[in-house]
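# Structure assessment
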Amino acid sequence: EKILVPLLRSPNSDLNMTLALALVSVLLVQYYGIKNLGFFTYLSKFVRIKGGPIQMFLGLIEVISEFAKVLSFSFRLFGNVFAGEVLLFTMFSLVPYIAPIPFIGLEFFVGFIQALVFSLLTAVFIKVALSHAH
């Protein structure tokens, strides 16, 4: 039985890697928010007792959004990189020499864009975490 193992494979085509990157990113956002605003001031973004049930519900939505950031980050990066690998594998299987060359360039471009989007979203989330609540 022959097993095909790719020689060069992107680490981000594994969901574990993208999940780890997302967790580090979101934990750093929390760290900088707590460091800048203080623990209780930052916690008041999530636990809203004053203002009635609507404010408590909004606090719950904030907690859910923090978990959604992790899932969104990891699945966005994983999906785009894995789809690119499938595209390249398909092109190399169909026409192995000339046809895959433009797709390799496209995947370099997509990888650059994904790194840019990931870092920009992290920077925006840090900026939001550093701002005081209104």
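Predicted model only: the values in this text are computed from it and were never measured. (Residues numbered from 1 in each chain as written. Predicted model: local features only at pLDDT ≥ 70, side-chain atom pairs only at ≥ 80, totals over all residues. Heavy atoms only, no water.)

This part is about a nonpolar patch on the surface. Taken together, the side chains of I34, F39, F40, L43, V47 and I49 present a nonpolar region at the surface, about 610 Å² in accessible area. No other element matches helix α2 (residues 39-43), which puts three residues into the nonpolar patch. Its relative accessible area of 48% is what places V47 among the partly exposed residues. (Patch = residues over 30% accessible without salt bridge, like charges linked within 9 Å, V, L, I, M, F, W, Y side chains within 5 Å. Areas by Shrake-Rupley, 256 points an atom, 1.4 Å probe, with all protein chains shown as cover. Salt bridge = Lys/Arg side-chain N within 4 Å of Asp/Glu carboxyl O. Helix = DSSP H or I, 4+ residues; strand = E, 2+ residues; numbered from the N terminus. Buried < 20%, exposed > 50% of the residue type's maximum accessible area, 1.4 Å probe, protein only.)

On to the side chain of S74. Within the fold, S74 resides in helix α3 (residues 52-94). Residue S74 is classed as buried on the basis of its relative accessible area of 1%. One polar contact links the side chain of S74 to the main-chain carbonyl oxygen of L71, over a distance of 3.2 Å. Filtering out sequence-adjacent residues up to four positions away, S74 remains in contact with L15, T18, L19 and A22. (Polar contact = N/O pair within 3.5 Å; in protein donor to acceptor, adjacent residues only side chain to side chain. Contact = heavy atoms within 4.5 Å.)

Attention shifts here to the side chain of Q114. Along the chain, Q114 turns up in helix α4 (residues 100-130). Judged by its relative accessible area of 11%, Q114 falls in the buried class. The contacts of Q114, once residues within four sequence positions are left out, are R76, L77 and N80.

We now examine the packing of helix α1 (residues 15-37) against α3. For any two helices packed against each other, one specifies the crossing angle of their axes together with the interaxial distance. At their nearest, the axes of α1 and α3 sit 8 Å apart, and the two run at 140 degrees to each other. The chirality of how α1 crosses α3 is right-handed. Facing L15, T18, L19, L21, A22, L23, S25, V26 and Q30 of α1, the residues of α3 in contact are E66, K69, V70, F73, S74, F75, L77 and F78. (Axes fitted to C-alpha atoms, helices over the stretch in contact; angles between N-to-C directions. Left-handed = near helix turned anticlockwise from the far one by under 90°.)

Take the layout of surface pockets next. In this structure, the largest pocket encloses a volume near 850 Å³. What lines the largest pocket is a set of 22 residues, among which L8, R9, S10, E85 and L88 lie closest to the centre. For the lining of the largest pocket, the secondary-structure elements that each account for two or more residues are α3 and α4. No other element matches the eight residues that α3 contributes to the lining of the largest pocket. The class makeup of the residues in the lining of the largest pocket is 13 nonpolar, six polar and three charged. (1 Å grid on protein atoms, 1.4 Å probe; cavity = no way out; pocket = protein on both sides within 12 Å on 5 of 7 lines; lining within 4 Å. Points joined across faces, edges and corners; volume = space filled by probe spheres on them. Nonpolar A, V, L, I, M, F, W, Y, C, P; charged D, E, K, R; others polar.)

Here we come to α1. Along its 23 residues, α1 runs 33 Å from first to last C-alpha, staying within 8% of the 33 Å computed at 1.5 Å per residue. For α1, every residue scored as buried is listed here: T18, A22, S25, V26, V29, Q30, G33 and L37. Contact partners of the buried residues in α1: α2, α3 and α4. Positioned one or two residues after α1, G38 has a phi angle of 95 degrees, which is positive. (Expected span 1.5 Å × (residues − 1).)

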